[in-house]
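# Overview (structure and organization)
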Amino acid sequence: MPRERLSLLAVTPDDVTDPLLWRLALDVIGAHQPDNHGNCRNLQCAGQRGMCAAARAARRAMGLARPVRPAATPAPTPRAHGHAAVAAPPSSAFRGWFTTSPARPPAPPLRRHSPWPASLPAAAA
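Residues numbered from 1 in each chain as written. Predicted model: local features only at pLDDT ≥ 70, side-chain atom pairs only at ≥ 80, totals over all residues. Heavy atoms only, no water.

## Some remarks on the overall build of the protein chain
Under the convention used in this document: Each helix is a run of DSSP H or I of at least 4 residues and each strand a run of E of at least 2, with the numbering of both proceeding from the N terminus. Any two residues having at least one pair of non-hydrogen atoms within 4.5 Å are treated as being in contact. Surface accessibility in these figures is a Shrake-Rupley result with a 1.4 Å probe; residues are shielded only by whichever protein chains are displayed.
When helices and strands are tallied, the protein chain shows three helices and zero strands. The secondary structure elements of the protein chain, listed N-terminal to C-terminal, are α-α-α. Counted over contacts in the protein chain with a minimum sequence separation of 6, partners at least 24 positions apart contribute 45%. In the structure as shown, the protein chain presents an accessible area of about 11500 Å², 61% of it carried by carbon and sulfur atoms.

## A few points about helix α3 (residues 53-64)
It helps to recall that an α-helix has 3.6 residues per turn; residues three or four apart then point in one direction. Which entries qualify depends on this criterion: One less than the residue count of a helix, multiplied by 1.5 Å, gives the span that helix is expected to have. Residue burial is assigned from relative accessible area. The probe radius is 1.4 Å, only protein chains are included, and a residue is buried under 20% of its type maximum, exposed over 50%, and partly exposed in between. Arc definition: it is the arc formed by the directions from the helix axis to the C-beta atoms.
Along its 12 residues, α3 runs 16 Å from first to last C-alpha, staying within 8% of the 16 Å computed at 1.5 Å per residue. Among the residues making up α3, those that are buried are Ala55, Ala58, Ala61 and Met62. Each buried residue of α3 lies within a common arc of 120° when the element is viewed along its axis, so the set occupies one face. Close packing links the buried residues of α3 with α2 (19-31).

## Quick word on the environment of Gly38
Looking at the element boundaries, Gly38 is found in the loop between α2 and α3. If sequence neighbours within four positions are ignored, Gly38 has contacts with Gln48, Arg49 and Gly50.

## Considerations on the environment of Cys40
Here Cys40 lies in the loop between α2 and α3. Between the alpha carbons of Cys40 and Cys52 there is a distance of 6.4 Å; along the sequence they are 12 residues apart. If we skip the residues at most four places from it in the chain, Cys40 touches His32, Gln33, Pro34, Cys45, Gln48, Gly50 and Cys52.

## Structural notes on the side chain of His32
Stated precisely, the cut-off is as follows: Here a polar contact is taken to be a pair of N or O atoms separated by no more than 3.5 Å, where protein atoms must pair a possible hydrogen donor with a possible acceptor and residues adjacent in sequence count only if both atoms sit in side chains.
As for its position among the elements, His32 is in the loop between α2 and α3. A polar contact is formed between the side chain of His32 and the side chain of Asn42, at a distance of 3.4 Å. When sequence neighbours within four positions are dropped, the list of residues in contact with His32 reads Cys40, Asn42, Gln44, Cys45, Cys52, Ala54 and Ala55.

## Some details on the nonpolar core
A general tendency of soluble globular proteins is for nonpolar side chains to be buried together. Heads up, the rule is: For this analysis, a nonpolar core means a set of buried residues of the types Ala, Val, Leu, Ile, Met, Phe, Trp, Tyr and Cys, connected via side-chain atoms within 4.5 Å.
Val16, Trp22, Ala25, Leu26, Ile29, Ala58, Ala61, Met62 and Ala65 form the largest nonpolar core, which has nine residues in total. Contributions of two or more residues to this core are made by α2 and α3. A total of four residues in this core trace back to one element, the largest contributor, which is α2.

## A few points about the side chain of Asp27
Mapped onto the fold, Asp27 is located in helix α2. For Asp27, a relative accessible area of 16% translates into the label buried. Excluding anything up to four places from it in sequence, Asp27 contacts Arg5, Leu6 and Ser7.

## Topic: the confidence of the model for the protein chain
For clarity, the cut-off: What pLDDT expresses is the predictor's confidence in each residue, scored from 0 to 100.
For the protein chain, per-residue confidence averages 75 on the pLDDT scale, and residues scoring 70 or more make up 58% of the total. Taken element by element, the predicted model of the protein chain shows its lowest mean pLDDT in helix α1 (residues 6-9) (79) and its highest in α3 (91).

Written as structure tokens, this is what we have:
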């Protein structure tokens, strides 16, 4: 009896920026569930107790498929007189692997250069 993939049944959350990575990680987590004794039941992870390496990597991938939530901004600290405040550069958030990008102009056509001169002397008869 074929097993159903979890990613085909699951609804992708709205905040996921990389749905392909999220769905693949969900399938890996589904395939690496612990049995009654706490061992991974996948044959590739025979004898591994608790969460196997593949399941840990899949959990990390599911987190990476979502945007980073900004941390709470700390309270401003008082500055000494005469010191300038330096703002951190804005970080560009990762938007996913398959996002649209501005179109590039087409590359100029390649010119082929012949190693032979344009006019060859006629063959002597």
